[in-house]
Amino acid sequence: MKKNILKKAILGFLSTIVLFSGCTSSFDEVNTDPDSAENVPISNVMAFVLQDTGTQLFDSWNDMSYTSSYSGQITKIQYVDEARYQYRASTIQDKWYDVYRLMNNAKAVEESALADDNKVMAGIAITWKIVLESIATDTWRDVPFTEACRMSEGILLPKYDKQEDIYPAMIDSLAVASELIASGKGSVVASGVSFLNDDAGNWLKFCNSLRLRLAMRISGVDAAKAKSVVESLASGELITENTDNAMYQWPGGSYKDLWANALRTRTDYGCCDIMINKLKKLSDPRLSVYANKTQAYLDGDSDEPYVGYASGASTNVTNVDLVSPIGSRFCMYTSPYTGFTPYFRASETYFELAEAAFLGWNVGITAEAAYNKGVTLSLEENSIGADAIKTYLAGTAKYDGTLGKIYDQWWISLYKNGMEAWSLYRRTGYPTENYIAPGRAAGYANHNTPPFRLPYSIDEEGLNATQLKLVSDQVKDDFWGTPMWWDTRKGVY
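Residues numbered from 1 in each chain as written. Predicted model: local features only at pLDDT ≥ 70, side-chain atom pairs only at ≥ 80, totals over all residues. Heavy atoms only, no water.

Engineer: When you look at the nonpolar core in this model, what are you seeing that I'm missing?
Structural biologist: What tends to happen in soluble globular proteins is that the nonpolar side chains get buried as a cluster. Counting 143 residues, the largest nonpolar core has Met 46, Trp 128, Phe 195, Trp 203, Phe 206 and Ile 326 as its most contacted members. Apart from the residues lying within four places of it in its own chain, the contact partners of Phe 206 are Thr 127, Trp 128, Val 131, Phe 195, Leu 196, Ile 239, Ala 246, Tyr 343 and Phe 344. (Core = buried A, V, L, I, M, F, W, Y, C linked by side-chain atoms within 4.5 Å. Buried < 20%, exposed > 50% of the residue type's maximum accessible area, 1.4 Å probe, protein only. Contact = heavy atoms within 4.5 Å.)

Engineer: Any chance you could explain the environment of Glu 111 here in plain terms?
Structural biologist: If you trace the backbone, Glu 111 turns up in helix 6 (residues 89-115). On the basis of relative accessible area, Glu 111 is assigned to the partly exposed category, the value being 31%. Residues Glu 111 and Ala 125, 14 residues apart in the sequence, show an inter-C-alpha distance of 9.1 Å. (Helix = DSSP H or I, 4+ residues; strand = E, 2+ residues; numbered from the N terminus.)

Engineer: How should I be thinking about the packing of helix 9 (residues 200-217) against helix 19 (residues 418-428) in this particular structure?
Structural biologist: A pair of packed helices can be characterised by two numbers: the angle between their axes and the separation between those axes. Where helix 9 meets helix 19, the closest approach of the two axes is 11 Å, and the angle between their N-to-C directions is 25°. Comparing the axis directions of helix 9 and helix 19 gives the class roughly parallel. Residues Arg 213, Met 216 and Arg 217 of helix 9 form the contact with helix 19, whose own contacting residues are Glu 420, Ser 423 and Arg 427. Residue composition of the contact of helix 9 with helix 19, grouped by class: 1 nonpolar, 1 polar and 4 charged. (Axes fitted to C-alpha atoms, helices over the stretch in contact; angles between N-to-C directions. Parallel < 35°, antiparallel > 145°, perpendicular 65-115°, else oblique. Nonpolar A, V, L, I, M, F, W, Y, C, P; charged D, E, K, R; others polar.)

Engineer: Looking at this model, I keep getting lost on helix 9. Mind explaining?
Structural biologist: An α-helical turn contains 3.6 residues, so a residue and the one three or four places further along point in the same direction. With 18 residues, helix 9 extends 26 Å between its outermost C-alpha atoms, agreeing within 8% with the 26 Å of an ideal straight helix rising 1.5 Å per residue. Counting buried positions along helix 9 gives 16 out of 18 residues, so the element sits mostly inside the fold. Looking at where helix 9 begins, the residue whose side-chain oxygen comes 2.9 Å from the main-chain nitrogen of Gly 201 is Asp 199. (Expected span 1.5 Å × (residues − 1). Polar contact = N/O pair within 3.5 Å; in protein donor to acceptor, adjacent residues only side chain to side chain.)

Engineer: Can you walk me through the confidence of the model for the chain in this structure?
Structural biologist: Close inspection of predicted coordinates is inappropriate in any region flagged by low pLDDT. Considering every residue of the chain, the mean pLDDT works out to 92; 92% of them sit at 70 or more. Across residues 1-31 the pLDDT falls below 50, and counting only partners more than four positions away or on other chains, this stretch makes 65 contacts in the model. (pLDDT = per-residue confidence, 0-100.)

Right, dumping it as structure tokens:
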């Protein structure tokens, strides 16, 4: 069955609908481009959604300037406003629009795939919808979910669901997606897609691993559901080897790695002192992979090869040569600017299981064994040799029976996935060395931790004001207020 997928795929979310609704009684009339093909294979649409998710949501703005900075992994060293929480309303608005635009596209793929009985593709589309919805709710907390992307049903002003309701629903949706993919009926995205080797078995592992992540995220607020889900997944198909890692590969050329593209002609970002000092303290062999030596050290003007800079510092860097650039594995500084965007790593699976085992859940592995495996996989991913791994696990990284040890190594392993590193910090308070930006505006002086959230899109204030008003009182000083549902830290504000 042919579907008018392109027509659905180019739809914007709420703002586009409202903008045009006052101009014509027929939305199709203004949305139809007579020069565009209407029947596009859903595999092409899904491939675009995967590529554009990285382009829009893991770029220099949404990853480097905000989430990776808030998590304490990298920081801005020039034009540091965002690290000081002086946000640009336009970038927040763009993130909101892109999340829901891409979610709408994935929903169109799901509907068409189900109509054609392509269960595998439908499961893939549902999985990616949850990737996007989890980004939305972990960015803003209460967001449209049950009424999102239902414009064809006449819902133009979607209600905001509570995060307490969104998380269980996302976890259940992934169970449905897993069954569809596991059925083996249908096709995957398209040959040549640089994600999960375009293999249904890899997609199944990713879907289940994402479900594991979301279940553990709520382990402190809904232990019963989390325990049930995690125990059911522990012996199933998960990402357990680095060859399974869910990393979108950027081939370079017209599709440059996003971090590399941001630093291709500018020196706006460098390593944060929190990450550098943590790796130094542990004598972590990933230090030389996560960071490059400072230019000052290479020029003989400094005795210290690896130096981080404060996140949101009160003063600007006066000499960028004194700050370590991001390591070349994570940011290629020369053509062809290849690289990757990491969505889920094998090391994370084991850190999730380590925490679950620490809680006493039956996951078929001890906390110590899972921790050791997680550390090992992260080191191997970064090309650290067996002898160095053995030394590290017997020394400063030796498991000490605490959750803090698990969380610290987990945070280190998440390098280049700022969204997850920020979420881990907000949920656990690790690394404990993370701090609020010293150079933040005076209006934010009464807070003691990096942001809980991002501000809502300014467009929503005008286009969906009634629904937004029902949740907007949970926001205080743009970035704080009501914490995420799963944020159980005490004494943060």
